[in-house]
Amino acid sequence: MIRMIVAAVLAIMAGPGAGVAQTSPFEADYDPAIPSAMSEFGYAFGDEITPPGTAVDYLYTLAEAAPDRMRVVEYARSWEGRPLVYAVIARPDVIDRLDAIRADLQQLADPAALSADAVDGLIAGLPAVVWLSYGVHGDEISSTDAGLRTAYHLLAAQGDPMVETIFDNTIVVVDPTQNPDGRNRFVQSFRAARGLEPSDNRYTAEHDQPWPGGRYNHYLFDLNRDWFARTQPETRGRVDAILEWRPVVVVDAHEMSGDSTYFFAPSAEPFNPLIVGSQRDAQALIGRNHGAWFDRLGYDYFTREVYDAFYPGYGDMWPTLQGAIAMTYEQASARGLEWRRRDGSLLTYGDGVDHHFVASLSTVQVVAENRERFLRDFVAFRRSAALSDDAPQAVLLDIASNRWSAERMARNLAAQDIEVGRVAPGSSACGARFEDGAFLVRFDQASGRLARTLLEATTDLPAEFMTEQERRRSEGLGHELYDVTAWSLPLMNNVTPTYCRRAPSLNTAPVNAEMPITRVTSERGAQWGYAIPWTDAGQAQLVAALAQDGVPMRTSDIGFRIGDRDFPRGSVVVPRHSAPADLDSLITRLAAEIGAHFEGMETSWVDEGPNPGSDNFRTLHEPRVVMLWDDGVSPLSAGPTRYVLERRYGIPVAVIRTGTIGYADLSGYDVLILPEQGRGNLSSALGGSGTSAIQRFARGGGVVIGLGSATRWLADSDVSMIPAQRERAAESPRESGGSGGSVVDGSVVTNREELRSLEAEAGALPDSSPGALVRVDANPDAWMSAGYDDGAFALVTGSDIYAPVSIDEADTALRFAARDELLAGGYLWDEYADQLAFKPFVLSQSYGAGQVVAFTQSPTTRAYLEGLDLLLLNAVLLGPPRSRAFR
């Protein structure tokens, strides 16, 4: 029915290439000189799913047809080499002065030094930039064609007063394929499964994507969670582009369940408290306009539900905290060309394209008709970063607490237009002394709201909202938190912050995002060789790089001291007598590229601790790493884990499918990584042969590493590779033999608390954590905790809590902190926190000649827990030397 209404309104006829006019919801005629979908693709917008390369080519074709009104800019390349581009659409005189307009927009974005008259003058002559982005999830398919259609409509529509208003007041940027690798993966799987005619059955192969699906990019990241972490090239390019153009409105067009309708703003609760009232008002203004158009066209929609505005890594929230009005739009997905809804109605791909197209034009319409309001609200936001006197006004990030991570974090902040200043070593401020210096970030800068939410330990959830969530839980209903509740960069990078009630007056040197990290060394001679202290992940990267160049090394189980320099356990020595002849130039070059720290050793004599010839030193070589892949594995764990090792630390990771590993030759590998479990589970994906192969690998001297929910598999009674047991919720009723019979004991219920207790699931697991950052403490006698004597912070999600393990069965290398020290950032249910305290985070044990390491929560989530990178590297680099086969 909906498609019939749209067809009646749109009246799609033969394409303009054939000389026949095509009308739109806004009833414009199209210029035949502007190439249409029909003339370029052979089909109308929405009739077929356009591949990413074809979409990009079409933008260039439009630009060639209308060079006075459109420019195409490549802003990034995907891992697989596909271009990411955006189109800039504006009237000819604006296109001619784009550089000057961008410069003026940058002045508005940093308005502290501008007078009121200067602001008025800039606003009077500037168009407002509207950024329309599509397809960040590659299998959310309709938005890309809607973006192409929007560009075409703006260029080809003739005699449309709304389009004329848009050109008079705005610059429209269209980014049609935010994730070309994922979209290509979807298109290929869809085409491979397609038959004579489209199937509307949701269970047919064209709707059922093979692992890992098209949602993710090449490294299987959810790009809609990556904005402040900036791990992926698609995200880094997009952040740079947004900062270059300073849009006042950003649209991020998505898809959701095919049984739903359409979502647009206003967003759902909770709102991040750093969002200002004018932004919420603008969401409502735009939403009302959408509602009017959707009502006119007979489209169903909903607002203020599900899709919140809290986590700053979203494609709508990161621009919001830079001052834009940024919004997620969600269209029910056909996941192909046709989808039969559960109510019997038919949803088509063309429906999705129509709806996103209408919402896109409606958005630009509102901005065009309210240009000055949106520009003034943007300036006001950028001027209003300083909060009340009760809130911290600055933070100092101690470099000594984790040098390499602090340096990387400072550059990441600078890349997001957050001003960061380097404070000299030996400086004191805000009640602390910084022997190795610090990084100062003031919160009263133009990007101060984003800086604050990224750098404070917790961004508060609205009290009323959380009261409602606790009520829902008490009634057995699910909570309404859409994503994690904590993302503090100092915690995730294991860097110590000092918060300042007043911004300190310190001399600082500005930090640039492209600055290399300076290597650290001493003037001590190196006649015998070198020592690399095991203090941060940069040191581990240097060791991995040397190992790849064939440099023999040894790692110490016990700390040692040379003169006044302490080398903690895990530290590595590089003897000259067995090293390549170019060792000096090699280690100097690699340390400079990485920004690592090494020291010369004049002799092998140490002043305290073991000498390099001791059995407490173990030979360290390049690790050969393999990882499980495919069914039973979570793409969101496998991809980021591979990315962390390969792209951050240069360690290649081979991947073997779960269905293959049972007969694969694993003799060429030292380390096998089991990512978190995904669709299905590891037991069914591996089968008996796969399980036996993994057990043989470990018994033969390999290191098996289980991440997060893979620990369940390692602990399963049929596998028994780690002596761990998941706990039921401490307050849940115990399971009993009488619970399954047809006759049960009678009971008298006197109040609602007793009723809830009786209705609670027997033996239920703890209520799932939505995602909080918690403190973990190290066992100083466990090899896996090297580099973590002061502990760290982990992200806890889900319901897995493991019981303490006997010290004669396994080492608990790190455990969750005591209850009163546990929660570092975000929100945890009280009973969850009570039960989590002191429980295992990292377990390790010998297994045959090898080692098994289990992380009860994943250290590689979204690749943004950089403070735990060294922990993963401990398992990968220091684990094999502990294998009896390795020695």
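Scroll up to find the structure.
Q: Can you help me understand the overall build of the protein in this one?
A: A tally of helices and strands in the protein yields 27 helices and 37 strands. The C-alpha radius of gyration of the protein comes to 29 Å, within 12% of the 29 Å expected for a compact globule of 887 residues. Every one of the 887 residues in the protein was classed for burial, and the buried ones make up 61%. Considering only contacts in the protein between residues 6 or more positions apart, those separated by 24 or more positions represent 79%. Carbon and sulfur atoms provide 47% of the accessible area of the protein, an area that totals close to 32,600 Å². Here the protein holds 77 positive side-chain charges and 118 negative ones, and the gap between their average locations is 2 Å.

Q: Got a minute to help me understand the sheet that holds strand β22 (residues 553–556) in this structure?
A: Within a sheet, neighbouring strands are paired by backbone hydrogen bonds and run either parallel or antiparallel to one another. Across the sheet, five strands lie side by side as β26-β21-β25-β22-β27; this open sheet has antiparallel pairing. Both outer strands of the open sheet, β26 (599–601) and β27 (617–620), are each paired with one neighbouring strand and no more. Neighbour-to-neighbour, the strand axes of this sheet turn through a mean angle of 30°, independent of strand direction. As paired elements, β22 and β27 share four bridges and run antiparallel to each other. Note on β27: the bridge partner recorded for arginine 554 is threonine 619.

Q: When you look at the environment of alanine 385 in this model, what are you seeing that I'm missing?
A: With respect to the helices and strands, alanine 385 occurs in the loop between α14 (371–383) and β14 (394–398). We classify alanine 385 as buried; its relative accessible area is 1%. When near neighbours in sequence (up to four residues on either side) are disregarded, alanine 385 contacts Phe443, Asp444, Gln445, Gly448, Arg449 and Arg452.

Q: Please clarify how helix α7 (residues 142–156) should be interpreted in this entry.
A: Since there are 3.6 residues in each turn of an α-helix, residues three or four apart along the chain are aligned in direction. In this model, α7 (15 residues) spans 21 Å end to end at C-alpha, consistent with the 21 Å of a helix rising 1.5 Å per residue. By the criterion of burial, α7 is predominantly enclosed, with 15 of the 15 residues buried.

Q: What am I meant to see in the pattern of salt bridges here?
A: Evaluation of the coordinates by the stated rule reveals 60 salt bridges. Arginine 565 is paired through a salt bridge with glutamate 599; the nearest N and O atoms lie 3.5 Å apart. Of the two residues, arginine 565 sits in strand β24 (residues 565–567) while glutamate 599 sits in strand β26, which places them 34 residues apart along the sequence. Relative accessible area serves as the criterion here: at 6%, glutamate 599 is assigned to the buried category. Through salt bridges with shared partners, a single ionic network connects Glu140, Arg215, Asp222, Arg225, Asp483 and Arg862.

Q: Looking at this structure, I do not really get the state of the cysteines. What am I missing?
A: Simply put, disulfide is the name for a covalent bond between the sulfur atoms of two cysteines. Tallied over the full model, the rule gives one disulfide. A sulfur-sulfur separation of 2.1 Å characterises the disulfide bridge that pairs cysteine 430 with cysteine 500. Between cysteine 430 and cysteine 500, the S-S torsion sits near 110°, and that sign places the bridge as right-handed. Remark: cysteine 500 occurs in strand β19 (residues 497–500) and cysteine 430 occurs in the loop between β16 (427–429) and β17 (432–434); sequence separation between them is 70 residues. For cysteine 430, a relative accessible area of 33% corresponds to the partly exposed category. Under the relative-accessibility criterion, cysteine 500 is labelled buried at 1%.

Q: What should I look at first to understand the sheet that holds strand β7 (residues 249–256) in this one?
A: As summarised here, the arrangement of the seven strands in space is β2-β3-β6-β4-β7-β11-β8, forming an open sheet in which the pairing is mixed. Each edge of the open sheet carries a strand with a single partner, namely β2 (70–77) and β8 (262–263). Here strand β4 (residues 128–134) runs beside β7; their pairing, made up of five bridges, is parallel. The residue bridging leucine 132 from the neighbouring strand is valine 251, located in β7. Set on the sheet, helix α10 (residues 233–245) makes contact with β2, β3 (83–89), β4, β6 (170–175) and β7; between it and β2 the angle comes to about 140°.

Q: I would appreciate a short explanation of the packing of helix α5 (residues 98–109) against α10 in the present structure.
A: The packing of two helices is summarised by the inter-axis angle and the distance between the axes. At a closest axis distance of 7 Å, the pairing of α5 and α10 adopts a crossing angle of 90°. Considering their axes alone, α5 and α10 lie roughly perpendicular with respect to each other. Where α5 abuts α10, its residues Leu98, Arg102, Leu105 and Gln106 lie against Leu243, Glu244 and Trp245. Here the residues of the contact of α5 with α10 sort into four nonpolar, one polar and two charged.

Q: Hey, could you run me through helix α19 (residues 537–548) in this one?
A: Taking 1.5 Å as the rise per residue, α19 with twelve residues should run 16 Å; its terminal C-alpha atoms sit 17 Å apart, in good agreement. Across the twelve residues of α19, eleven count as buried, placing the element largely inside the fold. Of the residues that open α19, the one with a side-chain oxygen 3.0 Å from the backbone nitrogen of glycine 538 is aspartate 536. Of the residues trailing α19, glycine 550 is marked for its positive phi of about 80°.

Q: Before we go on, may I ask you to explain the pairing of strand β36 (residues 840–847) in this structure?
A: The two faces of a sheet get side chains in turn, since along a regular strand they alternate between them. Summarising burial for β36: seven of the eight residues are buried, a large majority. Pairing of strand β34 (residues 811–816) with β36 involves four bridges; the strand directions are antiparallel. Looking at the pairing, aspartate 811 lines up with serine 844 of β36. The pairing of β36 with strand β37 (residues 850–855) spans six bridges and is antiparallel. In the sheet register, tyrosine 847 faces β37, and the bridge partner there is glycine 850. The turn joining β36 and β37, which pair antiparallel and follow one another in sequence, is formed by two residues; a positive phi near 60° is taken by glycine 848.

Q: Sorry if this is basic, but what is going on with the packing of aromatic side chains here?
A: Here the distance between the centres and the angle between the planes together describe a pair of aromatic rings. This model, assessed by the stated rule, comprises 37 aromatic pairs. Residues phenylalanine 294 and tyrosine 299 carry aromatic rings whose centres are separated by 5.1 Å and whose planes lie at 90° to one another, so their mutual orientation is edge-to-face. Judged by relative accessible area, which is 0%, phenylalanine 294 ranks as buried. Here the aromatic residues Phe228, Phe263, Phe302, Tyr307, Phe310, Tyr311, Tyr314, Tyr482, Trp487 and Tyr864 are joined through ring pairs into a cluster of three or more. The ring of phenylalanine 381 carries arginine 449 above its face, with NZ or CZ at 5.2 Å from the centroid. Against the face of phenylalanine 567 rests arginine 565, its NZ or CZ located 5.2 Å from the ring centre.

Q: What is the right way to look at the environment of arginine 819 in this model?
A: Position of arginine 819 among the secondary structure elements: in helix α25 (residues 819–822). Separated by 346 residues in sequence, arginine 819 and arginine 473 have C-alpha atoms that sit 21 Å apart. Excluding its chain neighbours within four sequence positions, the residues that come into contact with arginine 819 are Asp830, Ala833, Asp834 and Ala837.

Q: Just checking my understanding: could you explain the side chain of threonine 555 for this structure?
A: As for its position among the elements, threonine 555 is in strand β22. Side-chain polar atoms of threonine 555 contact the backbone oxygen of glycine 570, separated by 3.0 Å.

Q: I would appreciate a short explanation of the environment of tyrosine 307 in the present structure.
A: As for its position among the elements, tyrosine 307 is in the loop between α11 (277–297) and β10 (308–309). Tyrosine 307 gets classed as buried once you look at its relative accessible area, which sits at 12%. Sequence spacing of tyrosine 307 and tyrosine 329 is 22 residues, and the spatial spacing of their C-alpha atoms is 9.2 Å. When neighbours within four sequence positions are excluded, tyrosine 307 is seen to be in contact with Met256, Phe263, Ser267, Ala268, Phe302, Glu330 and Tyr482.

Each value, and the rule that gives it
- Residues numbered from 1 in each chain as written.
- Predicted model: local features only at pLDDT ≥ 70, side-chain atom pairs only at ≥ 80, totals over all residues.
- Heavy atoms only, no water.
- Helix = DSSP H or I, 4+ residues; strand = E, 2+ residues; numbered from the N terminus.
- Rg over C-alpha atoms; globule rule 2.2 N^0.38 Å.
- Buried < 20%, exposed > 50% of the residue type's maximum accessible area, 1.4 Å probe, protein only.
- Contact = heavy atoms within 4.5 Å.
- Areas by Shrake-Rupley, 256 points an atom, 1.4 Å probe, with all protein chains shown as cover.
- Lys, Arg positive; Asp, Glu negative; His and termini not counted.
- Charge placed at Lys NZ, Arg CZ, Asp CG, Glu CD.
- Pairing = 2+ DSSP bridges.
- Axes fitted to C-alpha atoms, helices over the stretch in contact; angles between N-to-C directions.
- Expected span 1.5 Å × (residues − 1).
- Salt bridge = Lys/Arg side-chain N within 4 Å of Asp/Glu carboxyl O.
- Disulfide = S-S within 2.5 Å.
- Parallel < 35°, antiparallel > 145°, perpendicular 65-115°, else oblique.
- Nonpolar A, V, L, I, M, F, W, Y, C, P; charged D, E, K, R; others polar.
- Polar contact = N/O pair within 3.5 Å; in protein donor to acceptor, adjacent residues only side chain to side chain.
- Phe/Tyr/Trp six-rings, centres within 6.5 Å; stacked < 30°, edge-to-face > 60°.
- Lys NZ or Arg CZ within 6 Å of the ring centre and 35° of its normal.

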